[in-house]
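# Commentary on secondary and tertiary structure
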Amino acid sequence: RRRQFTSFLLMPLLALSKAKARAAEKTIILAVAGIPEMAAPLGEKALKETKGVIDAKVSYPKAEAWIKYDDEKVTVAKLREVINKTGFKAGDEKK
């Protein structure tokens, strides 16, 4: 009984912590100019190595970067900075 009671008390706390973790995850698509076709993987690598970035894809044909990130660890301004440091130019958010 004691084990059931403890589990009963911990379940809401676990659910709350998981909900908080998901709440910080966001996805953004940024327009990116100046991507040479062969250089898109370099932009992806730079983004993926950035603390707080969960996943990233840079598309030459679409001229955009799709980024899944933790907004408690990295800002959109930092994501733009990383893109710009690769030699590309981060533009506006695409909807």
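This text goes with the structure placed above it.
Note that this is a predicted model, so its numbers are computed, not measured. (Residues numbered from 1 in each chain as written. Predicted model: local features only at pLDDT ≥ 70, side-chain atom pairs only at ≥ 80, totals over all residues. Heavy atoms only, no water.)

## Looking at the nonpolar core
Leu-47, Ala-65, Ile-67, Leu-79 and Ile-83 are the most contacted members of the largest nonpolar core, which totals 19 residues. Listed by contribution, the elements that provide at least two residues to this core are β1 (25-33), α2 (40-48), β2 (53-59), β3 (64-70) and α3 (76-85). Once you skip the residues sitting within four places of it in the chain, Ile-67 turns out to touch Lys-26, Thr-27, Ile-28, Leu-30, Leu-47, Val-53, Asp-55, Ala-56, Leu-79 and Ile-83. (Core = buried A, V, L, I, M, F, W, Y, C linked by side-chain atoms within 4.5 Å. Buried < 20%, exposed > 50% of the residue type's maximum accessible area, 1.4 Å probe, protein only. Helix = DSSP H or I, 4+ residues; strand = E, 2+ residues; numbered from the N terminus. Contact = heavy atoms within 4.5 Å.)

## Notes on the pattern of salt bridges
With the rule as written, the count across this model stands at nine salt bridges. We note a salt bridge from Glu-49 to Lys-45, for which the minimum N-O separation is 3.3 Å. Overall, the relative accessible area of 58% leaves Glu-49 in the exposed class. Classification of Lys-45 as partly exposed rests on a relative accessible area of 49%. (Salt bridge = Lys/Arg side-chain N within 4 Å of Asp/Glu carboxyl O.)

## Some words on the sheet that holds β3
Across the sheet, which stays open at both edges, the four strands sit in the order β2-β3-β1-β4 with antiparallel pairing between neighbours. For this open sheet the edge positions go to β2 and β4 (89-93), each flanked by a neighbour on one side alone. Neighbour-to-neighbour, the strand axes of the sheet open up by a mean angle of 30°, direction not taken into account. Here β1 runs beside β4; their pairing, made up of three bridges, is antiparallel. In the sheet register, Val-32 faces β4, and the bridge partner there is Ala-90. Along the sheet, α2 contacts β2 and β3; its crossing angle with β2, the most-contacted strand, is approximately 165°. This element, α3, spans β1, β2, β3 and β4 of the sheet and lies at about 145° to β4. (Pairing = 2+ DSSP bridges. Axes fitted to C-alpha atoms, helices over the stretch in contact; angles between N-to-C directions.)

Everything listed here is a matter of coordinates, which is why it stays silent on function.
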